[in-house]
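Fold and geometry: a report
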2 protein chains.
Amino acid sequence: MRAQRIGKANPAEDEAVYQAILRALLEGKLKAGTKLAETPLASIFGVSRERIRKVLHRLGAERRLEMIPNRGARVPRPTLEDVRRVYEAHRVLEAGVLSQLSLRIDEVLLARLDAHLAEERTAAQRGDRAASVRLSGAFHVHLVDALGNPELSRMLGDLLSRSSVMVSVYEPAAQSICAVDEHGAIVAALRDRDLLRAIAVSREHFLHVEGRLRLDEDEAAPTQDLAAVFAGRRPLRGKLRSA
Amino acid sequence: MRAQRIGKANPAEDEAVYQAILRALLEGKLKAGTKLAETPLASIFGVSRERIRKVLHRLGAERRLEMIPNRGARVPRPTLEDVRRVYEAHRVLEAGVLSQLSLRIDEVLLARLDAHLAEERTAAQRGDRAASVRLSGAFHVHLVDALGNPELSRMLGDLLSRSSVMVSVYEPAAQSICAVDEHGAIVAALRDRDLLRAIAVSREHFLHVEGRLRLDEDEAAPTQDLAAVFAGRRPLRGKLRSA
DNA sequence: ACAATAAAAAATGTGCACATTTGGCATGGG
DNA sequence: CCCATGCCAAATGTGCACATTTTTTATTGT
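Position numbers for residues start from 1 in each chain and track the written sequence from start to end. Naming scheme: in the order in which they are written, chains are lettered from A and ligands are numbered from 1. Per-residue local features are limited, in this predicted model, to residues with pLDDT of at least 70; the limit for side-chain atom pairs, both in listing and counting, is 80 or more; totals at the level of whole chains, interfaces and linings are taken over all residues. The basis for the side-chain values is all heavy atoms of the structure; hydrogens and waters are excluded.

Bringing the overall build of chain A into the picture now. The helix and strand tally for chain A stands at 10 helices and three strands. Put simply, DSSP marks the helices as runs of H or I at least four residues long and the strands as runs of E at least two long, and each gets a number from the N terminus on. Listed by position from the N terminus, the elements making up chain A come as α-β-α-α-β-β-α-α-α-α-α-α-α. Long-range contacts, defined as pairs at least 24 residues apart, comprise 77% of the intrachain contacts of chain A with a sequence gap of at least 6. Taken as a whole, chain A presents about 12,700 Å² of accessible surface, with 53% of it coming from carbon and sulfur. The criterion used for residue contact is that any of the two residues' heavy atoms lie within 4.5 Å. A 1.4 Å probe and the Shrake-Rupley method give the accessible areas. Residues count as covered only by the protein chains that appear here.

Another point: the nonpolar core. Put simply, a nonpolar core is a bunch of buried Ala, Val, Leu, Ile, Met, Phe, Trp, Tyr and Cys residues held in one set by side-chain atoms that sit within 4.5 Å of each other. Any residue under 20% of the maximum accessible area for its type is buried, any over 50% is exposed, and the rest in between are partly exposed; the area is computed with a 1.4 Å probe on protein chains only. Counting residues in each nonpolar core, the largest one holds 58 residues, and the members touching the most others are Leu93(A), Leu143(A), Leu93(B), Val97(B) and Leu143(B). In this structure Leu93(B) touches Val92(A), Leu93(A), Met155(A), Leu152(B), Met155(B), Leu156(B) and Leu159(B), once residues within four positions along its chain are discounted.

Residue-level contacts link 28 residues of chain A with 28 residues of chain B. Here chain A and chain B share an interface that buries about 2,400 Å² over both sides, 64% of which is from carbon and sulfur atoms. For the chain A face of the interface with chain B, the top three residues by lost area are Val92(A), Glu151(A) and Met155(A), together amounting to 21%. The working definition used for a salt bridge is a side-chain nitrogen of Lys or Arg within 4 Å of a carboxyl oxygen of Asp or Glu. Counting the contacts that link chain A with chain B gives four salt bridges. With a shortest N-O distance of 2.9 Å, Glu88(B) and Arg104(A) are connected by a salt bridge. Under this definition, polar contacts are N or O atom pairs within 3.5 Å; protein pairs additionally need one hydrogen-donor-capable and one acceptor-capable atom, and for neighbouring residues in sequence, both atoms have to be side-chain atoms. Our enumeration of links across chain A and chain B arrives at 12 residue pairs in polar contact (both at pLDDT 80 or more). Buried area is calculated as the accessible area (1.4 Å probe) missing from two parts once they are joined, with the contributions of both summed.

Let us now look at the relation of the copies chain A and chain B. For the pair chain A and chain B, the best superposition has an RMSD of 0.1 Å and corresponds to a rotation of 180° with a translation of 0.0 Å parallel to the axis. Overall, the copies show the geometry of a two-fold rotation axis. Closest approach to the rotation axis within chain A is made by the C-alpha atom of Gly96(A), at a distance of 1.9 Å. We superpose the copies by least squares over the C-alpha atoms of residues that have a pLDDT of at least 70 in both of them.

It is worth spelling out the pattern of salt bridges at this point. Residues and elements named next belong to chain A. Summed over the entire model, instances satisfying the criterion amount to 40 salt bridges over all chains. Where arginine 51 meets aspartate 14, a salt bridge forms, and the shortest distance between an N and an O atom there is 2.5 Å. Here arginine 51 is found in helix H3 (residues 49-61), whereas its partner aspartate 14 is found in helix H1 (residues 11-26), with 37 residues between them in sequence. Judged by its relative accessible area of 14%, arginine 51 falls in the buried class. With a shortest N-O distance of 3.0 Å, aspartate 14 and lysine 54 are connected by a salt bridge. Taken together, the residues aspartate 14 in helix H1 and lysine 54 in helix H3 connect sequence positions 40 residues apart. Aspartate 14 gets classed as buried once you look at its relative accessible area, which sits at 15%.

For helix H4 (residues 80-101) of chain A, spanning 22 residues, the distance from its first C-alpha to its last is 31 Å, which sits close to the expected 32 Å at 1.5 Å a residue. By the criterion of burial, H4(A) is predominantly enclosed, with 18 of the 22 residues buried. A helix is expected to span 1.5 Å for every residue after the first.

This brings us to the packing of aromatic side chains. Between 30 and 60 degrees the pair is tilted, below 30 it is stacked and above 60 it is edge-to-face, where a pair is any two Phe, Tyr or Trp rings, Trp via its six-membered ring, whose centres lie within 6.5 Å. Considering all chains together, one arrives at two aromatic pairs over all chains under this definition. Whether a charge sits over a ring comes down to the Lys NZ or Arg CZ being within 6 Å of the ring centre and within 35 degrees of the ring normal. The ring of Tyr18(A) is capped by Arg58(A), whose NZ or CZ atom sits 3.6 Å from the centre of that ring.

All names here are of chain A. The strand order across the open sheet formed by three strands is E1-E3-E2, and the pairing between neighbours is antiparallel. The two strands at the open ends of the sheet, each matched to only one other strand, are strand E1 (35-36) and strand E2 (66-68). When DSSP locates at least two bridges between a pair of strands, those strands are taken to pair. As judged from the three bridges shared by E2 and strand E3 (residues 72-74), these two strands associate in the antiparallel manner. Along E3, the bridge assignment pairs methionine 67 with alanine 73.

To continue, consider the environment of Val133(A). Examined against the element boundaries, Val133(A) turns out to sit in helix H6 (residues 129-145). Separated by 10 residues in the primary sequence, Val133(A) and Ala123(A) place their C-alpha atoms 9.4 Å from one another.

Sheet strands associate in pairs through backbone hydrogen bonding, adopting either a parallel or an antiparallel arrangement. All names here are of chain B. Ordered in space as E1-E3-E2, the three strands form an open sheet in which the pairing is antiparallel. The open sheet has two edge strands, strand E1 (35-36) and strand E2 (66-68), and neither has a second partner. The pairing of E1 with strand E3 (residues 72-74) spans two bridges and is antiparallel. If you follow leucine 36 over to E3, its bridge partner there is alanine 73.

Remember that the coordinates give geometry; whether it matters functionally is a separate question.
Below, the structure is given as structure tokens:
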């Protein structure tokens, strides 16, 4: 076994840094508007600045960070309008998915959706908020995945990851749980092969969620201690500068 | 006016190289499977290898090139299955767009769509194949753009750019013109506010286009003279190595 | 002659030094 | 007192040299 090279060619580092920053984004630990400078991040993760640079630009290409030429990367500060647009896109995409699903719906798929609904109800009954939120989002993922089209799944994945970041800004504290009954109503409409009703119910469902959005607009605190945010993870190499 | 800097910091070069390669891709001048090595491209465009590198990775992130670690960039060689998936995604997205459009359709929008249909018919009558193809694609863009949601427009744009590359591989020579009557039928269904019919017509329309796909599978000629492909454009700097 | 192996050539990936740009701060004029 | 102008520090962007990996070529043994 060769010792880990300390200075050169470690392709896994890219992914590690990428995942670390991405998770911080998805978990809402990075607040909107926070500046992500290259040099501090390089110190925190103990990797070269170029590596951070590459990851930051990659996240920018995925629209998860806002890149401004010569001015670096920031956590995007979505307008309420932006959030609405993402939600509308999700709504529109799901309408299309339902129209396609209604053509190839069968008992196997319905059974799988029913099983998921049962899981959701169980989690809701035992008051498991975290599980409820997770399963609630998973329902919509199940719908697209049922079509077996990676293109569509990826499109939804992008939307979800972006809205989940937004949720942490605008949603009132973690009460963003889709009512299980509405999910059930969608499945019921699919079972009846009533496409118009399925689309209408889905639409109503999304509008309910959108209606809960609140515009907090905390202009303050664009600065944030990055070292603290990424504290949980040990540095990839030993070079973490303590202060 | 300052003379163009020859060695450093020219942000416009990124975009120029990007556009050049992208256009070559969209125009089908780069055949599927062609290897895009960094060093030759740097010579051809007369820029540093790092710049080519950045552009290639960007195109890879946009899924327009296939990037393999340590092995460089290739023009993707989509399977017929891949093409079908992109077409299906387009179909599904348009169904969703129609369902949203049917809720906010008005005379202004209908008039605009009618105008576009008239343009299409005119081009078809005078046998202008190029204009027909362009307008035919533009119709679907008009539909999403009518919703005024940049997210959705971008999603469609991605799909279109990818399928247009694919078309150059699988479509029988340039006869990929949507029948204008089918576009007209979609608008007519929208005018009647008959969502189910609009979705059905749109679906049929896409299936017609998909049905014309042919699998040529010319395994040969993965190599191609890159200098010839980009010959039309003068090098950005004077360093083009003649041979 | 063929296959396997090894050496060489070419292409990709990375760290570093330096160029360029931006933002803040002090200074001076209105 | 406020705004404009010009330096200075800090952050981003780029070319280059070198490390690593892949691919091609040459060699040797069976």
